[in-house]
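Okay, here's what each chain looks like letter by letter:
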Amino acid sequence: MIAMPERAIPDTLSPIVEALCSVAADLSARISLGPLGADLGAAVGANTDGDQQKALDVIADDAFRTALRGTGLRWYASEERETVELIDATGHLALAIDPLDGSSNIDANVSIGTIFCIRDALDDGNATFLRDGRSILASGYFIYGPQTALVVTFGAGVRQFVMDRATGTFRETPSAPSIPAQASEFAINASNYRHWAQPIRAYIDDCLAGIEGPRGKNFNMRWVASLVAETHRIMSRGGIFLYPGDERPGYERGRLRMVYECHPIAYLVEQAGGAATDGERPILDIAPDSLHARTPFVFGTADKVARVATYHDLPAQEVSALFGNRGLFRA
Ligand SMILES: O=P(O)(O)OC[C@H]1O[C@](O)(COP(=O)(O)O)[C@@H](O)[C@@H]1O
Ligand SMILES: [Mg+2]
Ligand SMILES: [Mg+2]
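In this text, all values refer to a predicted model and were calculated from it rather than measured experimentally.

### Concerning the coordination of the magnesium ion (ligand 3)
Phase 1 of the analysis: The magnesium ion (ligand 3) binds to the protein through Glu-79 (OE), Asp-98 (OD) and Leu-100 (O); the donor distances cover 2.2 to 2.3 Å.
Phase 2 of the analysis: Each donor residue of the magnesium ion (ligand 3) lies on the same chain, and together they follow the pattern E-x18-D-x1-L.
Phase 3 of the analysis: Between the magnesium ion (ligand 3) and the magnesium ion (ligand 2), a spacing of 3.7 Å is present, and a bridge between the two is formed by Asp-98. One end of the pair, Glu-79, is in the loop between β4 (73–78) and β5 (85–86); the other, Leu-100, is in strand β6 (residues 93–101), and 21 residues separate them in sequence.
Phase 4 of the analysis: Accessibility expressed as a relative area gives 8% for Glu-79, which makes it buried.
Phase 5 of the analysis: Since its relative accessible area comes to 2%, Leu-100 is described here as buried.

Set out below in structure tokens:
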């Protein structure tokens, strides 16, 4: 439940947000038990895309779907389900959800989360979600970490609510997250370096070259392998996140899903003053061609995200690592 928000939550969205909060509070309690509770990190099978499912993936998905009945929701699209599900034919809203993000971190006691976005419902469930991101009404994430928090936008800036563990209620924090304009951290799974295309290699090469390289400054690197945790860090201290496409079979379009992960995070990031692209185009301008479509994803501090796009525009010889001192990119 949300206690005394600073500003009202839009009436039509409030029952959905309340239902999400109540499930998130329950999940948070279960997660915090760790090994004292059920084995939430146990492998229980695979979803229709072949992704391994953990017990908590399935528990979270079932809990959200059940709690959303009677909230005005018509369509429920989950990363864990093959098709869009009808919740209530009279509802006017639709929700896309990654019920449990970062599931490889459950056993490691590292922050994990839930990502969602809300749209108006069309008569056709699939068509509702196969639109670009400009029709999103609200998006956000819950982070289950040292704090359990909800970071959400209703289209007018970003708001943050932290859960009081004693009562399970979410209280709004006085200051809203906004992505700082200056930052020097990048986040990428660098073990995939050899599989990346040249523009991504060149961008990272230039970061790694530090003060001696074309950027003329030192950078720090992070990789949590929880999209929610990376987003929360970037929301508080800026930086850039990249999950590009690469040459591994099945990773041509990266790993992250447009409908359940990238559209919601991109909407939030834009509302926080940052930018989000597929490397070149704004994510919110792109409509996925299927429900579970993946997309390369780059987001964070706006000028850093714009810089990644410029590497895609360069002639091949100019992005070669051999040209590490190219004057064009001197900061
Ligand atoms: O293990 P990799 O390839 O670095 O991928 C990490 C990414 O995969 C994810 O865990 C995918 O999300 P799920 O856990 O919801 O499948 C992201 O949270 C994270 O950014
Ligand atoms: Mg995820
Ligand atoms: Mg997930």
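### Considerations on the coordination of the magnesium ion (ligand 2)
Phase 1 of the analysis: The protein atoms that coordinate the magnesium ion (ligand 2) are Asp-98 (OD), Asp-101 (OD) and Glu-261 (OE), at distances of 1.9 to 2.1 Å.
Phase 2 of the analysis: All donors of the magnesium ion (ligand 2) belong to a single chain; written as a sequence motif, their spacing is D-x2-D-x159-E.

### Considerations on the UniProt feature "domain: Fructose-1-6-bisphosphatase class I N-terminal" (unreviewed entry) in the chain
Phase 1 of the analysis: Per the UniProt annotation, the sites labelled "domain: Fructose-1-6-bisphosphatase class I N-terminal" (unreviewed entry) are residues 13–172.
Phase 2 of the analysis: This span, residues 13–172, is 24% helix and 37% strand, and a straight line between its end C-alpha atoms measures 17 Å.

### A look at the UniProt feature "binding site: Mg(2+) 2" (unreviewed entry) in the chain
Phase 1 of the analysis: The UniProt feature table records "binding site: Mg(2+) 2" (unreviewed entry) at Asp-98, Asp-101 and Glu-261. Annotated residues spanning 164 residues; largest pairwise C-alpha distance 8.7 Å, indicating a single compact cluster.
Phase 2 of the analysis: What makes Asp-98 buried here is its relative accessible area of 1%.
Phase 3 of the analysis: Ignoring any residue separated from it by four or fewer positions in sequence, one finds Asp-98 in contact with Glu-79, Gly-113, Thr-114, Ile-115, Tyr-260 and Glu-261.
Phase 4 of the analysis: Of the residues examined, Glu-261 reaches a relative accessible area of 5% and is grouped as buried.
Phase 5 of the analysis: Residues within four places of Glu-261 in sequence aside, it is in contact with Glu-79, Asp-98, Asp-101, Ile-115, Leu-227 and Leu-256.
Phase 6 of the analysis: Of note is the side chain of Glu-261, whose polar atom sits 2.8 Å from the backbone nitrogen of Arg-257.

### Details of the site of ligand 1
Phase 1 of the analysis: As a matter of local geometry, ligand 1 sits amid 15 residues, with Asp-101, Gly-102, Asn-189, Leu-227 and Tyr-243 nearest to it.
Phase 2 of the analysis: Here an oxygen atom of ligand 1 and a backbone polar atom of Gly-102 are 2.8 Å apart.
Phase 3 of the analysis: In this structure, Asn-189 approaches ligand 1 through a side-chain N or O atom, which is 2.8 Å from an oxygen atom.
Phase 4 of the analysis: Protein burial of ligand 1: of its 470 Å² of free accessible surface, 88% is covered by the chains.
Phase 5 of the analysis: Looking at the shell around ligand 1 element by element, the count peaks at three residues for β6.
Phase 6 of the analysis: Of the residues that constitute the shell around ligand 1, the class distribution is six nonpolar, four polar and five charged.

### Section: the packing of helix α4 (residues 198–208) against helix α7 (residues 302–313)
Phase 1 of the analysis: Relative to each other, α4 and α7 sit at 130°, their axes nearing to 8 Å. Here α4 is positioned oblique relative to α7, judged by the angle of their axes. Crossing hand, α4 versus α7: right-handed. Listed contacts from α7 to Pro-199, Ile-200, Ala-202, Tyr-203 and Asp-206 of α4 are Lys-304, Arg-307, Val-308, Tyr-311 and His-312.

### Points about the nonpolar core
Phase 1 of the analysis: Counting residues in hydrophobic clusters, the biggest one holds 41 residues, and the most contacted among them are Phe-129, Tyr-141, Leu-227, Phe-241, Ile-265, Phe-297 and Phe-299.
Phase 2 of the analysis: The element best represented in this core is helix α6 (residues 258–271), accounting for nine residues.
Phase 3 of the analysis: Counting residues domain by domain, this core receives three or more from each of domain 1 (2–172) and domain 2 (185–329).
Phase 4 of the analysis: Those residues in contact with Leu-227, other than ones at most four positions away along the chain, are Asp-101, Ile-115, Phe-241, Leu-256, Glu-261, Ile-265, Phe-297 and Phe-299.
Phase 5 of the analysis: Formed by 37 residues, the second largest nonpolar core is a distinct cluster that contains Ile-9, Cys-21, Tyr-76 and Ile-118.

### Brief notes about α6
Phase 1 of the analysis: Of all the 14 residues making up α6, twelve are buried; the element is thus mostly covered by neighbouring parts of the structure.
Phase 2 of the analysis: Listed as buried for α6 are Met-258, Val-259, Tyr-260, Glu-261, Cys-262, His-263, Pro-264, Ile-265, Ala-266, Tyr-267, Leu-268 and Val-269.
Phase 3 of the analysis: Looking at the residues trailing α6, positive phi occurs at Gly-273, about 90°.

### Observations concerning the packing of aromatic side chains
Phase 1 of the analysis: With the rule as written, the count across this model stands at nine aromatic pairs.
Phase 2 of the analysis: Both rings, one in Tyr-203 and one in Tyr-311, keep their centres 5.4 Å apart while their planes meet at 80°; by these two values the pair is edge-to-face. With Tyr-203 in helix α4 and Tyr-311 in helix α7, this residue pair connects regions lying 108 residues apart in the sequence. Each member of the pair, Tyr-203 together with Tyr-311, is buried.
Phase 3 of the analysis: An angle of 25° between the planes, with centres 5.4 Å apart, marks the rings of Trp-223 and Phe-241 as stacked. One end of the pair, Trp-223, is in the loop between β13 (220–222) and α5 (227–237); the other, Phe-241, is in strand β14 (residues 240–243), and 18 residues separate them in sequence.
Phase 4 of the analysis: Counting every residue linked through ring pairs, the aromatic cluster contains Trp-223, Phe-241, Tyr-243, Phe-297 and Phe-299.
Phase 5 of the analysis: One cation-aromatic arrangement involves Arg-248 over Tyr-251; the distance from NZ or CZ to the ring centre is 3.6 Å.

What counts, and at which threshold
Residues numbered from 1 in each chain as written. Chains lettered and ligands numbered in written order. Predicted model: local features only at pLDDT ≥ 70, side-chain atom pairs only at ≥ 80, totals over all residues. Heavy atoms only, no water. Donors = N, O, S within 2.8 Å, 3.2 Å for Na, K, Ca; no water. Helix = DSSP H or I, 4+ residues; strand = E, 2+ residues; numbered from the N terminus. Buried < 20%, exposed > 50% of the residue type's maximum accessible area, 1.4 Å probe, protein only. UniProt positions renumbered as here; feature names shortened; annotations may be inferred. Contact = heavy atoms within 4.5 Å. Polar contact = N/O pair within 3.5 Å; in protein donor to acceptor, adjacent residues only side chain to side chain. Near = heavy atom within 4 Å. Areas by Shrake-Rupley, 256 points an atom, 1.4 Å probe, with all protein chains shown as cover. Nonpolar A, V, L, I, M, F, W, Y, C, P; charged D, E, K, R; others polar. Axes fitted to C-alpha atoms, helices over the stretch in contact; angles between N-to-C directions. Parallel < 35°, antiparallel > 145°, perpendicular 65-115°, else oblique. Left-handed = near helix turned anticlockwise from the far one by under 90°. Core = buried A, V, L, I, M, F, W, Y, C linked by side-chain atoms within 4.5 Å. Domains from an automatic or database assignment. Phe/Tyr/Trp six-rings, centres within 6.5 Å; stacked < 30°, edge-to-face > 60°. Lys NZ or Arg CZ within 6 Å of the ring centre and 35° of its normal.

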